[in-house]
Amino acid sequence: MEEKRAKRRIVLVPVPAQGHVTPIMQLGKALHSKGFSITVVLTQYNRVSSSKDFSEFHFITIPGSLTESDLKNLGPLQFMTKLNQICEASFKHCLGQILQEQGNQDDIACVVYDEYMYFSKTAAKEFQLPSVVFSTTNATAFVCRSVLAKVNEERFLIDMKDPEMRDKVFPELHPLRYKDLPTSAFGPIEGMLKIYSESVNIGTASAVIINSASCLESSSLARLHEDLKVPVYPIGPLHIAASAPSSLLEEDRSCIEWLDKQKPSSVIYISLGSLALMETKDVLEMAWGLSNSNQPFLWVIRPGSIPASEWTESLPEEFSNLVSERGYIVKWSPQMEVLRHPAVGGFWSHCGWNSTLESVGEGVPMICRPFTGDQKVNARYIESVWRVGVQLEGELEKGTVERAVKRLIVDEEGEEMRKRAIGLKEKLEASVRGGGSSFTSLDDFVNSLKTKDSM
Ligand SMILES: O=c1ccn([C@@H]2O[C@H](COP(=O)(O)OP(=O)(O)O[C@H]3O[C@H](CO)[C@@H](O)[C@H](O)[C@H]3O)[C@@H](O)[C@H]2O)c(=O)[nH]1
């Protein structure tokens, strides 16, 4: 194949939210280490601060985008729809400017955009630049979204309301049940299906990069490759391959000192990611259950995640009493460091894909309480495919919370899950090492940028 003059710049377009910013910045770091210059196009909302890891990256903010209060008012689904409408023109303008400044169109190797920033593909096409989709969820969730984008909306709505159907396995998506499908808690199903069909329609994109590894989901990756008819590159877990701190919130490191005082594998760490919200009654059931389990716990409660509360002040005194006995609360933790800490024996998670990879990547078993979207897919896989966790389904109740904690931290069953999680950790580490599947996949992607016919 003919070698072209090396194109050295990659333009990244992240979704402005923690769970998406983190992996795309890690991808940027991985590509930078392969010799590419990185330009990150940001919206005005949730900007990445340029830490030393990204000091050589070029950041551009496109004007006219949405603000934090827009997110609150619109909710994530509408926010993303609107963001895609607003950003299309400003991104085209921005790309035009980058090209003009460089004076050489050939210098941009490709535009890598988060699958939910689908406006990017139009601009890339207009300037005849190769575009590549980056999925921050896993391949199984991508397959699900492709299936959902094609369902009969009316029929699907009826099925999803039927309790018997909800427990049934969805055709061709074994072991996922109807209730495990990545439907959204953030708005009506119609809006969600529209976003899904936009995001899975990869248009003229020439490849898909996924933050996953073939040891986790080889059949979904194969299916995706077959469906999309373009190369699919599983290059994760990126937090192991190219760790790069990109927290949008300030981390409270005092929890590490607290962990230092706890016994090995005794602490349950609780964090529901950057978007999930909690009901006051659930917070209380959790506090009761955790307290009754007699295990120490470290709990991240994000400001604004409890209704009518800046932080925890609207909760009754009972909550503080329960927590003060053996718990520690922070607003935001250095999560990867927490999961690596020997005192941590289990992770109560909403099962966002980053948290899932980070937990399995440290061999920590999980209590799964998914909230929305792909988290339900991940929870099902954690419990019944990888068998490294237990899922809490239905109403949250202090008795079930207490039992789940004991199953994970105290019982033999938890020990078995921990062993399997450590087994997966080893496989994941091997996949990003020289010769491993994700390592090779990243190399294949980089090589594809150098050959004329593959883009
Ligand atoms: O106290 C905390 C809590 C979280 N994190 C980090 O924040 C990220 C959270 O990401 P994730 O677990 O994926 O959750 P969300 O923020 O909810 O992520 C969104 O994006 C993910 C990737 O697309 C999806 O899988 C989720 O469903 C979606 O909600 C992780 O890297 C954590 O390490 C911290 O650093 N400190």
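Residues numbered from 1 in each chain as written. Predicted model: local features only at pLDDT ≥ 70, side-chain atom pairs only at ≥ 80, totals over all residues. Heavy atoms only, no water.

Caption draft 1: The arrangement of the site of the ligand in detail. Lining the immediate surroundings of the ligand are 21 residues, of which T136, S274, S355, E358 and D374 lie closest. Between an oxygen atom of the ligand and a side-chain N or O atom of H350, the distance comes to 2.9 Å. Coverage of the ligand by the protein chains reaches 95% of its 690 Å² of free accessible surface. Those elements giving two or more residues to the shell around the ligand turn out to be α1 (18-33), β8 (267-271), α14 (353-360) and α15 (374-385). (Near = heavy atom within 4 Å. Polar contact = N/O pair within 3.5 Å; in protein donor to acceptor, adjacent residues only side chain to side chain. Areas by Shrake-Rupley, 256 points an atom, 1.4 Å probe, with all protein chains shown as cover. Helix = DSSP H or I, 4+ residues; strand = E, 2+ residues; numbered from the N terminus.)

Caption draft 2: Main features of the pattern of salt bridges. Evaluation of the coordinates by the stated rule reveals 23 salt bridges. A salt bridge links R177 to E393; the nearest nitrogen and oxygen atoms lie 3.4 Å apart. Separated by 216 residues along the polypeptide, R177 in the loop between α6 (163-166) and α7 (189-200) and E393 in the loop between β13 (389-391) and α16 (398-409) bring together distant segments of the chain. Judged by its relative accessible area of 9%, R177 falls in the buried class. Note on E393: relative accessible area 37%, which makes it partly exposed. Here E337 ties to R253 by a salt bridge, and the two come within 2.7 Å at their closest N and O atoms. Taken together, the residues span a long stretch of sequence, with E337 in helix α13 (residues 335-340) and R253 in the loop between α9 (238-241) and α10 (254-260) at a distance of 84 residues. E337 gets classed as partly exposed once you look at its relative accessible area, which sits at 29%. Within this structure, D167, R177, K179, D180, R380 and E393 form a network of salt bridges that share partners. (Salt bridge = Lys/Arg side-chain N within 4 Å of Asp/Glu carboxyl O. Buried < 20%, exposed > 50% of the residue type's maximum accessible area, 1.4 Å probe, protein only.)

Caption draft 3: Structural view of the sheet that holds β13. Spatially, 6 strands are ordered β10-β9-β8-β11-β12-β13 in an open sheet, and the strand pairing comes out parallel. Two strands bound the open sheet, and with one partner strand each, they are β10 (327-330) and β13. Neighbour-to-neighbour, the strand axes of this sheet turn through a mean angle of 15°, independent of strand direction. Judged from the 3 bridges that link them, β8 and strand β9 (residues 297-300) form a sheet pairing that is parallel. (Pairing = 2+ DSSP bridges. Axes fitted to C-alpha atoms, helices over the stretch in contact; angles between N-to-C directions.)

Caption draft 4: Quick peek at the nonpolar core. Formed by 91 residues in total, the largest nonpolar core has its most connected members in F91, V208, L259 and L298. Ranked by the residues each element gives to this core, the list is headed by helix α2 (residues 68-102), at 11 residues. Per-domain counts for this core show at least three residues from each of domain 1 (9-246 + 432-454) and domain 2 (254-429). If we skip the residues at most four places from it in the chain, F91 touches V13, V41, I62, V111, F119, S120 and A123. (Core = buried A, V, L, I, M, F, W, Y, C linked by side-chain atoms within 4.5 Å. Domains from an automatic or database assignment. Contact = heavy atoms within 4.5 Å.)

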